[in-house]
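Architecture at a glance
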Amino acid sequence: MIRLNDITERVNSYLYLTDTDIELLKKAYVYSAKVHAGQTRSSGESYLSHPLEVSGILAEMKLDMSSIVTGLLHDTVEDTLATTEEIDTLFGSEIAFLVEGVTKISQLPYTTKIERQAEGFRKLILATAKDIRVVLIKLADRLHNMRTLEYLPETRRKSIAKETFDIYAPLAQRLGINWVANELEDLSFRFLNPEEYVRLASLIEERKKEWGAHVDEIKNIINGKLEEFDINAEVTGRFKHVYGIYRKMQSQNLEFESVYDVIAFRIVTNSLRECYEALGAVHSAWKPVPGRFKDYIALPKGNGYQSLHTTVIGPLGERMEIQIRTRAMHEVAEYGVASHWKYKEGKLDSHGTYEIYSTLRQLLEWKDIKDPTEYMEAIKGELISDVVYVFTPQGDLVELPTGATPVDFAYAVHTEVGNKCTRANVNGKLVPLSHQLRTGDTVEIVTSGDKHPNRDWLKFVVTSRAKTKIRSWLRNEERTQSEIVGKSICERKFKQHGLDFQAMLKNGELDSALSELKYKDEKELYLAVGFGKTSATDLLKRVLPTDKMRPGPEKESRIEKIIQTITGSSEGGVLISGYNDVMIRFANCCSPLPGEQITGYITRGKGITIHKNDCPRLLDVDDARRIDVEWDSNFKPQRPARIVVMCADRPGMLSNITSSFSSSDINISKAEIHSTDMDTAIGTFDVVVSDLEQLENVMKSIKQVDGVRSVERMLEWERV
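This one's a predicted model, so the numbers in the text were calculated from it and none came from an experiment.

Some remarks on the sheet that holds strand E5 (residues 319-326)
- The strand order E1-E2-E5-E4-E3 describes an open sheet built from five strands, whose pairing is mixed. Of all the strands in the sheet, just strand E1 (234-239) and strand E3 (294-295) have a single pairing partner and so form its edges.
- As defined by bridge partners, strand E4 (residues 308-313) adjoins E5 across six bridges and the pair is classed as antiparallel. Across the sheet, residue valine 312 finds its bridge partner in E5, namely methionine 320.
- Its contacts with the sheet place helix H12 (residues 194-228) against E1, strand E2 (263-269) and E5, and it is angled at close to 160 degrees to E1.
- Contacts from helix H15 (residues 327-335) reach E1, E2 and E5, with the element oriented near 110 degrees to E5.

A closer look at helix H4 (residues 65-73)
- Within H4, nine of the nine residues are buried, which leaves the element mostly enclosed by the surrounding structure.
- Taken as a whole, H4 has its buried residues at Met65, Ser66, Ser67, Ile68, Val69, Thr70, Gly71, Leu72 and Leu73.

Quick notes on the pattern of salt bridges
- In total, this model carries 26 salt bridges according to the counting rule given.
- The salt bridge partner of arginine 174 is glutamate 399, with a shortest N-O separation of 3.2 Å. Of this pair, arginine 174 sits in helix H10 (residues 154-174) while glutamate 399 is found in strand E9 (residues 397-401), placing the two residues 225 residues apart along the sequence.
- On the basis of relative accessibility, which here comes to 30%, the residue glutamate 399 falls in the partly exposed class.
- For the salt bridge of lysine 459 with aspartate 456, the shortest nitrogen-to-oxygen distance reads 3.5 Å.
- Each of the salt bridges in this network shares a partner with another, and the network as a whole consists of Asp64, Glu94, Asp131 and Arg133.

Details of the nonpolar core
- Residues Val11, Met61, Phe121, Ile177 and Tyr375 are the most contacted members of the largest nonpolar core, which totals 74 residues.
- Contacts of methionine 61, omitting those with residues within four sequence positions, involve Leu136, Ala140, Trp179, Val180, Tyr335 and Ala338.
- Residues Leu203, Phe256, Val282 and Ile297 belong to the second largest nonpolar core, which totals 38 residues.

Things to note about the packing of helix H2 (residues 19-35) against helix H6 (residues 84-91)
- Contact geometry of H2 with H6 gives a least axis separation of 12 Å together with a crossing angle of 150 degrees. Classed by the angle they form, the pair H2 and H6 counts as roughly antiparallel. Judged by the sense of rotation from one axis to the other, the crossing of H2 with H6 is right-handed. Counted together, Leu24, Lys27, Ala28 and Tyr31 of H2 and Glu86, Ile87, Leu90 and Phe91 of H6 form the full contact between these two elements.
- A per-class count over the contact of H2 with H6 returns six nonpolar, no polar and two charged.

Observations concerning the packing of helix H1 (residues 4-12) against helix H3 (residues 49-60)
- H3 packs onto H1 with a crossing angle of 15 degrees between their chain directions and a minimal axis gap of 9 Å. With respect to their mutual orientation, H1 and H3 come out roughly parallel. As H1 runs across H3, the sense of the crossing is left-handed. Residues Leu4, Ile7, Arg10 and Val11 of H1 touch H3, and the partners they reach there are Leu52, Ser55, Gly56, Ile57, Ala59 and Glu60.
- Per-class residue counts for the contact of H1 with H3 are six nonpolar, two polar and two charged.

Section: the environment of glutamine 117
- With respect to the helices, strands and loops of the structure, glutamine 117 is situated in helix H8 (residues 113-130).
- Separated by 256 residues in the primary sequence, glutamine 117 and threonine 373 place their C-alpha atoms 9.5 Å from one another.
- With residues near it in sequence (within four places) discarded, glutamine 117 still touches Glu163 and Met376.

A closer look at the side chain of histidine 309
- With respect to the secondary-structure elements, histidine 309 resides in strand E4.
- Among the polar contacts made by the side chain of histidine 309, one reaches the side chain of tyrosine 305 at a distance of 2.6 Å.
- Ignoring anything within four residues of it in the chain, the contact list for histidine 309 reads Arg292, Phe293, Lys294, Tyr296, Glu321, Ile322 and Gln323.

Scoring rules and cut-offs
- Residues numbered from 1 in each chain as written.
- Predicted model: local features only at pLDDT ≥ 70, side-chain atom pairs only at ≥ 80, totals over all residues.
- Heavy atoms only, no water.
- Pairing = 2+ DSSP bridges.
- Helix = DSSP H or I, 4+ residues; strand = E, 2+ residues; numbered from the N terminus.
- Contact = heavy atoms within 4.5 Å.
- Axes fitted to C-alpha atoms, helices over the stretch in contact; angles between N-to-C directions.
- Buried < 20%, exposed > 50% of the residue type's maximum accessible area, 1.4 Å probe, protein only.
- Salt bridge = Lys/Arg side-chain N within 4 Å of Asp/Glu carboxyl O.
- Core = buried A, V, L, I, M, F, W, Y, C linked by side-chain atoms within 4.5 Å.
- Parallel < 35°, antiparallel > 145°, perpendicular 65-115°, else oblique.
- Left-handed = near helix turned anticlockwise from the far one by under 90°.
- Nonpolar A, V, L, I, M, F, W, Y, C, P; charged D, E, K, R; others polar.
- Polar contact = N/O pair within 3.5 Å; in protein donor to acceptor, adjacent residues only side chain to side chain.

So, to be careful, I would describe these as geometric facts and stop short of saying anything about function.
As structure tokens, this is what we get:
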């Protein structure tokens, strides 16, 4: 366990600590030890080890004294009887704010995991908007928790690792703190895919032993070339981190032995001029690989990262990546936003960089999204790290995620440009709106006042901004049309009984009935009727005696046939409050299983479709069309599921895998196996299961088969 003296020495290496500073650190240490007394971690260690380690990580980031002290105190308000007011009194308002900003919201009564996750992250981003140190402390907290994750139960390990991989590692990357991002990725990978992690880590260790002398040889060659060009620089060589290599293997469909540039060399110079001179020196020693040069100095990444990247053919015919940057650029590359630790009233001073804040401003933009699933999807979309750089016709630079289209570009320029986008010209040529942009493209958007977003755009746009704006427009349009339809149905139904619906609304005759149906005004009623959530007859029954109800016309209007909820046979297994004998369909896009949280969605003409709560398709529909549903515990339907298994391509593998299905009493309805050209086989199994637990048990059983590398459940929206 790190000691307070270690932290003090670490901080003293970049800050001059006064006696007052040292006393403050000691005071925070004693206070944290006192309030956490008797508490232990899952590892059995004293709980005090955690705040000490977090404070030590913050010192590695070279943060200010307030951040280091907050590291010692960050869990006191959440996990002990300490209060924010007490922290304020003892350590001041600045530290109290930082502690409060990092404190989780575990005590709040959110009903689902996604709600808790969304609200926790929403709170973090709001606090970070006031002081960026909040997110840095949170990242340090998450990093130490990931380092000790093996002591938690497997379910918790998987859940925390997935959240870290999806949110915190990309966030660290976008903030430019590369060493934190890389370690979070590796740790997440270790717990999400342990077999593959161990296999790759051992292969990398073997390669390190083999290439140790070779790395030194290449460094000597580079140093010799730099001397020829009279360049004073520092040269280092390093192996890429485990997940970085795995990502390259997956994206390029390679085996480890075929990944040549697992070693990267870095040249750190004293000036910008020397960066380009060093590039010339490197290219004079080895031939560059065409298309593998990137100038992030002229075009910095959104997180402020600057460097020259080139890939060359090394002395043994291997590919080597070489990065060239100045010392100042290197500081930003390693520590990102944390390299600007000089704060004034909780804000970066004039020496800071506003580009660093761009990611946080974008994250803050989605703070008002109410749906937790949509909010988390928007956040993940903003944290995509791979980008392309394109230009407006005026020469302004726009940064977009890889795979972005002209529609994404249009919404990045302005919401109205996106909403009225009709066609696009890229480099002077007309292209489809689904065209994927490349770095260097010049994009011109042509708009038209009579154009509007198309639902099909959601199939190809990739930015959170575009998805959110398109959905917002479509929902508003759908609500407008449904209000018109609902109003028309109500007026027609009342007219059939000789009643003037609008007059009754104005004189208050319908107030009591609307209240009984729990609608605050007529607009809510129109929406409910228009979406098929209720009928005008329900309202009519509350204002007209039964004996005065006239029989309806023999033929229903076409529009009422569309709106009416269809009744008939049901797939069963689901209880829906307020609906009897209603047709139920299970969505193919997410294939919900008993045991998973579900939501009903009222369709027009097809009854009610059951989706998983986190199904992305639900993001495209209005909340007014959703209804609460639950699984019927007395009846478990047999539901289809698809499992994809990646394994070694060798005799007996298929037999061993299918034995796991048989022993779990699971029937395989369809199986497809194909081999790759790298001694790997991929098997896709369509099965029938009774619930989520049965599926998870068989997946766990398959993972234990020797030679199996990964087992995943495939959902419809993930299929290519």
